[in-house]
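Remarks on the overall topology
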Amino acid sequence: MKKVLVALVTGGALLLPGTPALAQTAKATLGPYGYGKVRLGMTEKQARATGGVALKMASQGGSCSGWDLRAHPTGKNAVGLYISKKRGVAVIFAPKGVRTPRGIGIGSTMTQVKKAYPGLQTPRDGIPSVSVPGNRKARYFFFATAKGKLEELSLALTTQDCVG
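In this section: the state of the cysteines. Here is the idea: a disulfide is a covalent bond, and it sits between the sulfur atoms of two cysteines. Applying the stated rule across the entire model yields one disulfide. A sulfur-sulfur distance of 2.0 Å marks the disulfide that ties C64 to C162. One disulfide, between C64 and C162, carries an S-S torsion of -85° and so falls in the left-handed class. Of the two residues, C64 is situated in strand β6 (residues 64-69) and C162 in the segment after β11 (150-157); the sequence distance between them amounts to 98 residues.

Quick look at the structure:
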């Protein structure tokens, strides 16, 4: 009897029997509802329960506390996300190498951003943003260098009360 090699194709990945590592090829994206298990609007308790966040800066009388994504710790004077006492997870900053579902991430150009998100708006404060496709309660904010390359990208609730 001849042996038959059986392969299963799922989501563009070829999975062969006995190769479970290939099942982990999908990367998490930023949006439309969060990053990995951390979702916009989660309470602090819910966010802690994911095991994916670590407290970095207590609220100190303010309405928001600063946190890091455990898989992507930030430098000394930065945080990976803010959790609002009132709104829950309010802002998530894109870790290096993480992209939106439309392929935009740190290092992308504003030309690429405009092509991916034709509804991009730049208000008086100068921070370009767009409503997140698939989540009308959130916006992407794009922070670019003078040369037009993204140095920061965030996903935020439209009602967030953590950053100006």
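Take the environment of K137 next. Inspection of the secondary structure assignment puts K137 in strand β10 (residues 135-144). Looking at K137, the relative accessible area reads 53%, which means it is exposed. Each C-alpha atom of the pair K137 and L40 lies 9.3 Å from the other, and the pair is 97 residues apart in sequence. Excluding anything up to four places from it in sequence, K137 contacts A156, L157 and T158.

Two strands in a sheet stick together by hydrogen bonds in their backbones, pointing the same way (parallel) or opposite ways (antiparallel). Ordered by their spatial adjacency, seven strands build an open sheet running β5-β6-β7-β8-β11-β10-β9, and the pairing between neighbours is antiparallel. Because the sheet does not close on itself, it has two edges, and the strands there are β5 (53-57) and β9 (129-132). Strand after strand, the sheet turns through a mean of 25° between neighbouring axes, direction not considered. The pairing of strand β7 (residues 81-84) with strand β8 (residues 88-93) spans four bridges and is classified as antiparallel. In the strand pairing of β8, L81 is matched with I92.

Of note, S108 is situated in the loop between β8 and α2 (110-116). For S108, a relative accessible area of 4% corresponds to the buried category. Of the polar contacts made by the side chain of S108, one reaches the side chain of R99; its length is 3.2 Å. Look past the residues within four positions of S108 in its chain and what remains in contact with it is R99, G103, G148, K149 and L150.

With that settled, consider the pattern of salt bridges. For the structure on display, the rule yields two salt bridges. The partner of E44 in a salt bridge is R48, with the nearest N and O atoms 3.2 Å apart. Placement of the pair is E44 and R48 together in helix α1 (residues 44-49), with a separation of four residues, close to one helical turn. Its relative accessible area of 33% is what places E44 among the partly exposed residues. Overall, the relative accessible area of 45% leaves R48 in the partly exposed class. D68 is the partner of K56 in a salt bridge, and the nearest nitrogen-oxygen pair spans 3.4 Å.

Judged by nonpolar contacts, the single largest core of 30 residues is most densely connected at L30, L81, V89, I92, Y140 and F142. Contributions of two or more residues to this core are made by β6, β7, β8, α2, β9, β10 and β11. Judged by nonpolar contacts, the second largest core, of eight residues, contains Y82, A90, V91 and F93.

Conventions adopted
- Residues numbered from 1 in each chain as written.
- Predicted model: local features only at pLDDT ≥ 70, side-chain atom pairs only at ≥ 80, totals over all residues.
- Heavy atoms only, no water.
- Disulfide = S-S within 2.5 Å.
- Helix = DSSP H or I, 4+ residues; strand = E, 2+ residues; numbered from the N terminus.
- Buried < 20%, exposed > 50% of the residue type's maximum accessible area, 1.4 Å probe, protein only.
- Contact = heavy atoms within 4.5 Å.
- Pairing = 2+ DSSP bridges.
- Axes fitted to C-alpha atoms, helices over the stretch in contact; angles between N-to-C directions.
- Polar contact = N/O pair within 3.5 Å; in protein donor to acceptor, adjacent residues only side chain to side chain.
- Salt bridge = Lys/Arg side-chain N within 4 Å of Asp/Glu carboxyl O.
- Core = buried A, V, L, I, M, F, W, Y, C linked by side-chain atoms within 4.5 Å.

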